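# Results of the structural survey
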Amino acid sequence: MKIKLICFNKVNKEYKEVYSSYINKLKNHCDLEIIEINEFDHGDIKSNMTKNEQNIDLKLNDLKDYEVFLLDINSKQYTSEMIANTLVENKNYKGGKACFIIGPSDGFSQDFRKLHPNKISFGLITLPYNLVRIVLLEQIYRGFKISKNQKYHK
Ligand SMILES: C[S@@+](CC[C@H](N)C(=O)[O-])C[C@H]1O[C@@H](n2cnc3c(N)ncnc32)[C@H](O)[C@@H]1O
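As the structure is a prediction and not an experimental result, all values here were calculated from the model.

## Here's the deal with the environment of I83
Turning to its location among the elements, I83 is positioned in helix α3 (residues 80–93). Residues I83 and Y141, spaced 58 residues apart in sequence, show a C-alpha to C-alpha distance of 9.7 Å. Each residue touching I83, except ones within four places of it in the same chain, is listed here: Y78, F122, Q139 and I140.

Shown next, in the form of structure tokens:
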């Protein structure tokens, strides 16, 4: 299965070890590519959102056959089993291509949210951008372990 993760900026040094460990673990389960965009934050919120979403769209142009999932705090909350099912269903029915998008610091505009019906929330807390990447990679890894019935700590 191919997984793309579109996200903003680089992971800070102090998070790198854990972050890289999940990237390594996922190598046994999928072909993962992390696509990092430099966040535009020199304007007001609206123009920042527009510019950042245009930059996401440029990346999505090359990923037309991918099923897209926005990481969005105020959307449907997912259990780990639901993430596992998302991966299995994607693998069976959509040619095994999923793209997860983590938003910039101001989140996504309403228009962008409407364009992308698949949205995942990890709960109503705001996770900082370094941590949300790690949590997402861990949940994808957990999802593979659940869907393959493999042992993983609870
Ligand atoms: C630092 S947060 C930005 C928060 C922003 N104020 C908002 O309302 O979306 C950066 C990105 O991390 C992701 N994120 C943070 N916490 C999350 C959560 N609990 N569930 C899902 N995604 C989350 C979202 O994609 C968000 O756009």
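## Focus: helix α1 (residues 16–26)
Every buried residue of α1 is listed here: Y19, Y22 and L26. With its buried residues spanning 65 degrees around the axis, α1 presents them on a single face. The inward-facing, buried residues of α1 contact β2 (31–37) and α5 (129–147).

## With respect to α5
Three- or four-residue spacings in an α-helix give side chains the same orientation, since the helix completes a turn every 3.6 residues. Along its 19 residues, α5 runs 27 Å from first to last C-alpha, staying within 8% of the 27 Å computed at 1.5 Å per residue. Taken across its 19 residues, α5 has 14 buried, putting it largely inside the fold. Among the residues trailing α5, N149 stands out with phi positive, at a value near 55 degrees.

## A word on the sheet that holds strand β1 (residues 2–8)
The strand order across the open sheet built from 5 strands is β2-β1-β4-β3-β5, with neighbouring strands paired in parallel fashion. Two strands bound the open sheet, and with one partner strand each, they are β2 and β5 (119–120). Two strands pair when backbone bridges link them, and strand β3 (residues 67–71) and strand β4 (residues 97–102) are joined in this way by 5 bridges, in the parallel orientation. By the bridge assignment for β4, V68 is matched with C99. On top of the sheet, α5 reaches β1, β2, β3 and β4; it is set at about 165 degrees to β1, its chief contact.

## Comments concerning the UniProt feature "binding site: S-adenosyl-L-methionine" (unreviewed entry) in the protein chain
Annotation from UniProt places "binding site: S-adenosyl-L-methionine" (unreviewed entry) at L71, G103, F122, G123, L124, I125, T126 and L127. Residues that both appear in the annotated list above and line the largest pocket are L71, G103, F122, G123, I125, T126 and L127. Tracing the sequence through the fold places G103 in the loop between β4 and α4 (110–115). Given the relative accessible area of 18%, G103 is considered buried. Setting aside residues no more than four positions away along its own chain, G103 makes contact with F8 and F108. Here L124 lies in the loop between β5 and α5. Non-local contacts of L124, meaning those with residues more than four positions away in its chain, are made with I73, N74 and Q77.

## Describing the site of the ligand
Within the structure, the ligand sits among 18 residues, and L71, G103, F122, G123 and I125 are positioned closest to it. F122 is positioned with one of its backbone polar atoms (N or O) 2.9 Å from a nitrogen atom of the ligand. A distance of 2.9 Å separates a nitrogen atom of the ligand from a polar atom in the backbone of L127. The protein chains hide 84% of the 560 Å² of surface that the ligand would expose on its own. Cavity membership is defined here by more than half of the atoms lying within 2 Å of grid points; on that basis the ligand lies in the largest pocket. Residue classes in the shell around the ligand are distributed as 10 nonpolar, 6 polar and 2 charged.

## Points about the nonpolar core
F100 and I140 are the most contacted members of the largest nonpolar core, which has 25 residues in total. The biggest single contributor to this core is α5, with 7 residues. If sequence neighbours within four positions are ignored, F100 has contacts with I3, K4, L5, I6, F69, L71, L87, I120, L136 and I140. If you look at the next biggest cluster of nonpolar residues, it comprises 14 residues, including I37, I56, L63 and F108.

What counts, and where the lines are drawn
- Sequence order as written defines the numbering, with residues in each chain counted from 1.
- Two thresholds apply to this predicted model, a pLDDT of at least 70 for residue-level local features and 80 or more for giving and counting side-chain atom pairs, whereas whole-chain, interface and lining totals are computed over all residues.
- Just so you know, side-chain values use all the structure's heavy atoms and leave hydrogens and water out.
- Starting at the N terminus, helices and strands are each numbered in turn, a helix being any DSSP run of H or I of at least four residues and a strand any DSSP run of E of at least two.
- Here, two residues are considered to be in contact whenever any of their heavy atoms come within 4.5 Å of each other.
- Think of it in three bands: residues with accessible area under 20% of the maximum for their type are buried, residues over 50% are exposed, and the middle band is partly exposed, with areas taken using a 1.4 Å probe on protein chains only.
- This arc describes the spread of directions from the helix axis toward the C-beta atoms.
- By this rule, a helix spans an expected 1.5 Å times one less than how many residues it contains.
- The rule for pairing is simple: two strands pair if DSSP sees at least two bridges between them.
- To define axes, lines are fitted to C-alpha atoms, for helices over the stretch in contact only, and angles between the resulting N-to-C directions are given on a 0 to 180 degree scale.
- UniProt positions are given in the numbering used here, feature names are shortened, and annotations may be inferred rather than shown by experiment.
- Using a grid of 1 Å spacing that covers the protein atoms alone, one calls a set of points a cavity when a 1.4 Å probe fits there but cannot get out, and a pocket when the set is open and has protein on both sides within 12 Å along at least five of seven lines; lining residues are those with an atom within 4 Å of a point.
- A cutoff of 4 Å decides nearness: a residue is near a molecule or strand if any of its heavy atoms lies inside that distance of it.
- In protein, a polar contact means a hydrogen-donor-capable atom and an acceptor-capable atom, both N or O and within 3.5 Å, with residues adjacent in sequence counting only if both atoms are side-chain atoms; elsewhere, any N or O pair within 3.5 Å suffices.
- For the accessible areas, the method is Shrake-Rupley and the probe is 1.4 Å, while residue cover comes only from the protein chains on display.
- Put plainly, a molecule is in a cavity or pocket when over half of its atoms are within 2 Å of the grid points there.
- Note on residue classes: Ala, Val, Leu, Ile, Met, Phe, Trp, Tyr, Cys and Pro are nonpolar, Asp, Glu, Lys and Arg are charged, and everything else, Gly too, is polar.
- Among buried residues, those of type Ala, Val, Leu, Ile, Met, Phe, Trp, Tyr and Cys that are joined through side-chain atoms within 4.5 Å constitute a nonpolar core.

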